[in-house]
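Tertiary structure, described
This is what each chain is made of:
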Amino acid sequence: MIRATDIAVGYGGSAVSGPLSFSYADGQCIMLRGRNGSGKTTLMKTLAGLMKPVSGSFEAGGEVILVPTRIPKVKGFTVAEFIRTGMLSEYGSFRRPGKDAEMAFEDAMRMMELEALASKDISCISDGEFQKACIAAALTRKANVLMLDEPTAFLDVENRIMVLQTLQRLAHDTGTTVIFSTHDIYDGAKYSDSVLSIS
């Protein structure tokens, strides 16, 4: 279970959103919605431990991973190599990943339908394909909470639906809590179990 108690988020001690209180059981897919400037990204960074809350508290019971928007596509890495970077924090740069890690890598590639792009340089794939690779990299990590900031922003309709379905299935099948922000309220609501609104 994740739980926030009177959490307010912002910069320099000044809140831009909150206080908020919420709790969700494990294995739920949660859509975070709010107008531009309402603090969605700031809330996600705070829940991921990248920023301190202005007030209140948050409990996740384990690791929280945030997949941000606008990750740069650095030339010289294949899609497969980029996705494997998600495992470096657990296994280190000089230790070969074991069978479990390899299985996690293969599962992530398959779930995001990236097998055909495995050997392509990430600088040569579309923004939508790269966004799916970013999500796949996060899926290789073992986390209690997976948060995605606008994961469908660069995807066409078909891939947008596939990603949202995948996130909901991931939550239900693994017990991971998935939180994603989106401006695509209609499709987001169809593939989420709960909606967290901020203003």
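Along each chain, residue indices are assigned from 1 in the same order as the chain's sequence is written. Local features in a predicted model are, by the rule used here, given only for residues with pLDDT of at least 70; side-chain atom pairs are given and counted only at 80 or more, and totals for whole chains, interfaces and linings are based on all residues. Based on all heavy atoms of the structure, the side-chain values leave hydrogens and waters out of the count.

**Observations regarding the environment of Ser123**
In this fold, Ser123 is placed in the loop between helix H4 (99-111) and helix H5 (127-139). For Ser123, a relative accessible area of 30% translates into the label partly exposed. As for Ser123 and Pro151, which are separated by 28 residues in sequence, their C-alpha atoms are 19 Å apart. In contact with Ser123, other than residues within four places in its own chain, are Lys73 and Lys75. Here a polar contact is taken to be a pair of N or O atoms separated by no more than 3.5 Å, where protein atoms must pair a possible hydrogen donor with a possible acceptor and residues adjacent in sequence count only if both atoms sit in side chains. A polar atom in the side chain of Ser123 sits 2.6 Å from the side chain of Asp121. Strands here mean DSSP runs of E at least two residues long; helices mean DSSP runs of H or I at least four residues long; both are numbered from the N terminus. Residue exposure (1.4 Å probe, protein chains only): buried if accessible area is under 20% of the type maximum, exposed if over 50%, otherwise partly exposed. Pairs of residues are marked as contacts when any of their non-hydrogen atoms sit within 4.5 Å.

**Section: a negative patch on the surface**
Surface patches are defined over residues having more than 30% relative accessible area and no salt bridge, joining like charges when they lie within 9 Å and nonpolar side chains (Val, Leu, Ile, Met, Phe, Trp, Tyr) when within 5 Å. Each accessible area is a Shrake-Rupley estimate made with a 1.4 Å probe; only the visible protein chains count as cover when residues are assessed. By definition, a salt bridge exists where a carboxyl oxygen of Asp or Glu is found within 4 Å of a side-chain nitrogen of Lys or Arg. Only four residue types enter the charge count: Lys and Arg as positive, Asp and Glu as negative, with His and the chain ends excluded. By convention, the point assigned to a charge is CZ for Arg, NZ for Lys, CD for Glu and CG for Asp. Together, Glu113, Glu115, Asp156 and Glu158 make up a negatively charged patch on the protein surface. Mapped onto the elements, Glu158 comes out in helix H6 (residues 157-174). When its relative accessible area of 66% is taken as the criterion, Glu158 is described as exposed.

**Section: the sheet that holds strand S3 (residues 29-33)**
Strand order in the open sheet made by the five strands is S5-S6-S7-S3-S8, with parallel pairing throughout. Unpaired on one side and paired on the other, strand S5 (64-67) and strand S8 (194-197) mark the two borders of the sheet. Each adjacent strand pair in this sheet contributes to an overall mean axis angle of 20°, direction not counted. For two strands to count as paired, DSSP must find a minimum of two bridges between them. Taken together, the five bridges between strand S6 (residues 145-149) and strand S7 (residues 177-181) define a ladder with parallel strand orientation. Bridged to Leu146 within S7 is Val178. Against the sheet, helix H1 (residues 40-47) makes contact with S3, S5, S6, S7 and S8, and its axis sits at roughly 155° relative to S6, the strand it touches most. Between N-to-C directions, angles cover 0 to 180 degrees, with each direction set by a line fitted to C-alpha atoms, over the stretch in contact for helices.

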